[in-house]
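Summary of structural features
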Amino acid sequence: MNKKTAILTSGGDAPGMNSAIRSFTRRALWEGYEVYGIISGFEGLINEEILKLKSRDVGLIINQGGTFLKTSRSEKFKTKEGLKKAADFLLKKKIGSLCVIGGEGSFSGLLELSRYYDGQLIGIPGTIDNDIPGTEYTIGFQTAVETAVMAVDKIRDTAFSHGRIFFIEVMGRKCGEIALAVALACGAEDVLIPESPTNIDELSERLMKNKESGKRFSIIVVAEGDDAGGAFKIAEKVEKKTGLPHRVAILGHIQRGGPPCAFDRIMALNMGDRAFEFIKKGLNLVFTAVKGGHIEPAYLKQVKVETKSVKEAAVNTVRIMGTI
Ligand code: F6P
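Okay, so let's go over this structure.

Rules used in this analysis
Residues numbered from 1 in each chain as written. Predicted model: local features only at pLDDT ≥ 70, side-chain atom pairs only at ≥ 80, totals over all residues. Heavy atoms only, no water. Helix = DSSP H or I, 4+ residues; strand = E, 2+ residues; numbered from the N terminus. Rg over C-alpha atoms; globule rule 2.2 N^0.38 Å. Contact = heavy atoms within 4.5 Å. Areas by Shrake-Rupley, 256 points an atom, 1.4 Å probe, with all protein chains shown as cover. Lys, Arg positive; Asp, Glu negative; His and termini not counted. Charge placed at Lys NZ, Arg CZ, Asp CG, Glu CD. Buried < 20%, exposed > 50% of the residue type's maximum accessible area, 1.4 Å probe, protein only. Axes fitted to C-alpha atoms, helices over the stretch in contact; angles between N-to-C directions. Parallel < 35°, antiparallel > 145°, perpendicular 65-115°, else oblique. Left-handed = near helix turned anticlockwise from the far one by under 90°. Nonpolar A, V, L, I, M, F, W, Y, C, P; charged D, E, K, R; others polar. Salt bridge = Lys/Arg side-chain N within 4 Å of Asp/Glu carboxyl O. Expected span 1.5 Å × (residues − 1).

**Points about the overall build of the protein**
- Along its length, the protein carries 10 helices and 11 strands.
- In terms of overall size, the protein behaves like a compact globule, its C-alpha atoms giving a radius of gyration of 22 Å where 324 residues would be expected to give roughly 20 Å.
- When its C-alpha atoms are laid out on the principal axes, the protein stretches across 70 × 35 × 35 Å.
- Look at the contacts in the protein between residues 6 or more apart in sequence, and 75% of them connect residues 24 or more apart.
- Total accessible area on the protein is roughly 14,700 Å²; 53% of this is exposed by carbon and sulfur atoms.
- Looking at charge distribution, the protein has the averaged site of its 45 positive side-chain charges lying 5 Å from that of its 39 negative ones.

**Observations concerning unusual backbone geometry**
- Here Ser40, not a glycine, exhibits a phi torsion of approximately 65 degrees, which is positive.
- Relative to the elements of secondary structure, Ser40 occurs in the loop between β2 (34-38) and α2 (42-46).
- Phi is positive for Leu60, close to 60 degrees, though the residue is something other than glycine.
- Relative to the helices and strands, Leu60 is located in the loop between β3 (50-53) and α3 (80-92).
- With a relative accessible area of 80%, Leu60 lands in the exposed category.

**Focus: the packing of helix α5 (residues 141-162) against helix α6 (residues 177-186)**
- Two elements in contact, α5 and α6, have axes separated by 9 Å at closest approach and are oriented at 50 degrees. Compared by their axis directions, α5 and α6 come out oblique. In the packing of α5 onto α6, the handedness of the crossing is right-handed. Contacts between α5 and α6 involve Phe141, Ala144, Val145, Ala148, Val149, Val152, Asp153 and Arg156 from the first element and Glu177, Ile178, Ala181, Val182, Ala185 and Cys186 from the second.
- Here the contact of α5 with α6 is composed, by residue class, of 11 nonpolar, no polar and three charged.

**Topic: the pattern of salt bridges**
- Applying the stated rule across the entire model yields 19 salt bridges.
- Residue Glu31 is joined to Lys280 by a salt bridge in which the shortest nitrogen-to-oxygen separation is 2.9 Å. Of the two residues, Glu31 is situated in the loop between α1 (17-30) and β2 and Lys280 in helix α9 (residues 262-280); the sequence distance between them amounts to 249 residues.
- Residue classification places Lys280 among the partly exposed positions, given a relative accessible area of 43%.
- Several salt bridges converge on common partners, so that one network encompasses Arg27, Glu31, Asp273, Arg274, Glu277 and Lys280.

**Quick word on helix α10 (residues 308-323)**
- Its 16 residues place the ends of α10 22 Å apart at the C-alpha level, agreeing with the 22 Å of an ideal helix rising 1.5 Å per residue.
- Among the structural elements, α6, β7 (190-192) and α7 (200-212) are those in contact with the buried residues of α10.

So, in structure tokens, the structure goes:
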């Protein structure tokens with residue numbers, strides 16, 4: 001049996017990734033495996049940047065944001081040459097399995113790699129967006145939401161003092177999960193997400209009604225990928241319709257950093273541990289998916305389940321709570 005395994009982080013970093021690296025490494029060492037950390041994601045496979053990991057190397061990282069293995073969005077890995085180079089390196093090093101912590105793009109990368117590499121390939125869902133089909137949770141989401149909620153709470157103070165509308169943009173190019181959670185937790189007046197079409201006239205009307213009903217200020221949470229544009233564009237359009245005073249805040253990458261919350265540390269720890277178990281069981285091309293609160297193997301290629309109606313219902317709840 002091949003007892004050499006490797007781990008890397010890929011795509012956007014997410015708080016909690018370090019906890020998964022730690023648990024995967026320690027569980028594998030416990031089972032008598034040699035463990036290698038690949039530096040800077042798939043780029044590290046192509047550039048042959050590798051680090052043999054001992055238990056102490058993954059000490060003191062469970063509470064750290066980012067990823068100590070570093071990450072990248074590798075363009076080279078999308079080419080045949082890049083994939084072949086990566087596979088050849090794994091074969092040259094006699095590594096029998098690879099665990100990748102990342103988002104949907106990283107999982108697609110693993111599927112591509114399987115055309116040239118016959119070792120085991122296992123994924124751990126890690127992205128603040130919580131947008132990977134087949135799992136209820138991705139590492140980093142809860143911490144990102146907590147960070148954004150803290151920021152919105154601060155902005156609300158100044159919004160109230162000045163009586164302004166605030167358009168607050170959170171991350172999520174294709175997915176409104178962060179925006180919805182933040183809007184619900186902060187009692188925002190409105191939320192705009194890519195999954196639900198934004199109507200500027202209706203939004204402007206709701207804001208005018210809020211004002212007439214005595215609301216001094218409004219908080220509108222905008223997912224960066226909303227169909228009507230980002231927060232700046234939407235604010236401009238609403239200003240033209242209403243003339244109401246407003247400001248824009250883009251929360252940006254602060255949502256990706258900082259110490260992971262306890263939930264992310266624990267979830268990541270369990271996923272890293274289970275990912276190694278999957279390797280030991282001989283599974284291949286699966287990832288640690290959360291289903292009904294439990295971690296189970298699911299195929300890397302999952303069909304997207306339509307969640308539009310659930311999200312529209314949540315948008316509606318935000319609006320009812322924010323306009324009554
Ligand atoms: O990792 C996911 C994410 O944070 C998205 O929410 C965001 O759109 C994107 O990454 C930003 O990526 P980058 O850091 O490469 O600009």
